[in-house]
Amino acid sequence: MLYKIKAVLRDAEHRHTAINAAIALTIRVLGAGMAFLFNIVIARQLGAEQAGYFFLGLALVMLFSSVARLGFDNTVLRFTSADADNGYTVKAILNFALKYVLPIALIFTATTYAFASWLAENVFKMPELTDTLQLIAPAIVGLSIVFLVAMSLQARHKLIASIPCQNIAHLMLCGVAVIIFSDKSASAVSLYFSLSLGVSSSFFYWLSIKNLNSNGEKPDPQQLWYSARPNWIIMMMNQSVQWCAPIIIGVFLVAQQVAFFSVAQRIAMLTSFILMAVNLVVAPKFSAFHAKGDDVGIRKTALFSVRLLVLSALPIVLFMLIFPDFLMGLFGEEFRQGTLILQILVLGQAVNVVTGSVGFLLMMSGHERDMRLVTLISGFGVLISVPIFTKLFGVIGAASATAFFISLQNLLAVYFVKKRLGFNTLKFWQKI
């Protein structure tokens, strides 16, 4: 076994992937730990009802931010990766995306603030939600900036900055504020969350453009838009799969059920933080290989990354399936009611992990339209099935529908990778 590992790591690309994946995974572990602690602080500090209000508001702004980003996340990643050594192009791509994204994000922020009372009273039947929605609305702008900046940093292999930018810095700032001020209302936490994003987005934008060249070749706007348009659909549908369930639960059920589902969902997503860490490394590689026409490099990197994922994630999945009561209990005794929700969602995330980086494989190799079809199927599946299953079976129905379509999305992506690129990521044991 040791001999085989040494043989694999003699390959320069595999060695680079493994080392950088290890670095990314280490930082991701810190990020996942921070997110986990943040959710524990929120749940224990606020209790199930107030935590439900906050998580519902968070789901809304995450969804609105994904729409406001116009699909530029993966476009910034793809085109910056292909020309990462040209500082002027890197800066121009990021600023081009922000020029269009920020006005849309500001419109969503103003609209959410203006209609917060109507949404709280008429859609969610929770008048107490109004202040939370108004104070978390500015987070739409902050989230839009940090996601785009994180993609730019990731494309340049600046993982030590990229991961904290996306999901550590603002959670840490907000969590510290909640502990220091000991607030027990969702509205106060929402204010801290928005302010934390304001600070972190400003800092990481400055960090990302610092020392970049001011002269060079401009990117082709038509090429960027051509990539962004299908990516926009992909992004919205992906976010629908992830964030629509808490919103729909908020419409049909009570705030406590939103909290139980949201906490279970965040625990289950810890199984995929290894996938996210590997994606940080391999996504720019896929783009660079595609730009050079190196199909063999794409295949070798993809299959090697799946092996890393399976070996790393399996123990985490098993632990969550065997000890869900313990994990949910960390958030408070009342959250133990969500143990079955956690087990269902973990199964969906497990499929997400073992299929590998199939979404990035398609998008970074110029097959965004295939990924768009996949996400349309899964996204509309969630939008149609979750309300029905929530109405019939409550929060368990919502979890089951969500897990099913997460699995379906990744299995369909595997099919298109096989069709377009000629190999099956599920057969990770095949010779590289």
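Keep in mind it's a predicted model, so treat the numbers as computed, not measured. (Residues numbered from 1 in each chain as written. Predicted model: local features only at pLDDT ≥ 70, side-chain atom pairs only at ≥ 80, totals over all residues. Heavy atoms only, no water.)

A. Up close: the overall build of the protein chain. Looking only at helices and strands, one finds 18 helices and zero strands in the protein chain. Out of the 432 residues in the protein chain, the part that is buried amounts to 59%. In the protein chain, the proportion of contacts linking residues at least 24 apart, taken out of those at least 6 apart, comes to 82%. In the structure as shown, the protein chain presents an accessible area of about 17500 Å², 66% of it carried by carbon and sulfur atoms. (Helix = DSSP H or I, 4+ residues; strand = E, 2+ residues; numbered from the N terminus. Buried < 20%, exposed > 50% of the residue type's maximum accessible area, 1.4 Å probe, protein only. Contact = heavy atoms within 4.5 Å. Areas by Shrake-Rupley, 256 points an atom, 1.4 Å probe, with all protein chains shown as cover.)

B. The confidence of the model for the protein chain, seen in detail. Averaged over all residues, the pLDDT of the protein chain is 83; the fraction at 70 or higher stands at 88%. For the protein chain, per-element mean pLDDT is lowest for helix H1 (residues 2–9), which scores 48, and highest for helix H6 (residues 130–136), which scores 96. Low pLDDT, under 50, characterises residues 1–5; the stretch is placed with one contact to residues that sit more than four places away or in other chains. (pLDDT = per-residue confidence, 0-100.)

C. Expanded view of helix H8 (residues 159–167). Taken across its nine residues, H8 has eight buried, putting it largely inside the fold. When H8 is considered as a whole, its buried residues turn out to be Leu 159, Ala 161, Ser 162, Ile 163, Pro 164, Cys 165, Gln 166 and Asn 167.

D. The arrangement of the side chain of Ser 201 in detail. Residue position: Ser 201 is located in helix H10 (residues 186–209). Residue class for Ser 201 comes out buried when judged on its relative accessible area of 6%. A polar contact is formed between the side chain of Ser 201 and the backbone oxygen of Gly 198, at a distance of 3.2 Å. (Polar contact = N/O pair within 3.5 Å; in protein donor to acceptor, adjacent residues only side chain to side chain.)

E. Focus on the pattern of salt bridges. Under the counting rule described, the total for this entry stands at four salt bridges. For Asp 325, the salt bridge identified is with Arg 336, shortest N-O distance 2.7 Å. Of this pair, Asp 325 sits in helix H15 (residues 324–329) while Arg 336 is found in the loop between H15 and helix H16 (339–354), placing the two residues 11 residues apart along the sequence. By relative accessible area, Arg 336 is classed as partly exposed at 28%. Of the charged contacts, one joins Arg 420 and Asp 370 as a salt bridge, the two residues approaching to 2.6 Å between their closest N and O atoms. Residue Asp 370 is classed as buried on the basis of its relative accessible area of 9%. One salt-bridge network, in which partners are shared between bridges, spans Asp 325, Glu 333 and Arg 336. (Salt bridge = Lys/Arg side-chain N within 4 Å of Asp/Glu carboxyl O.)

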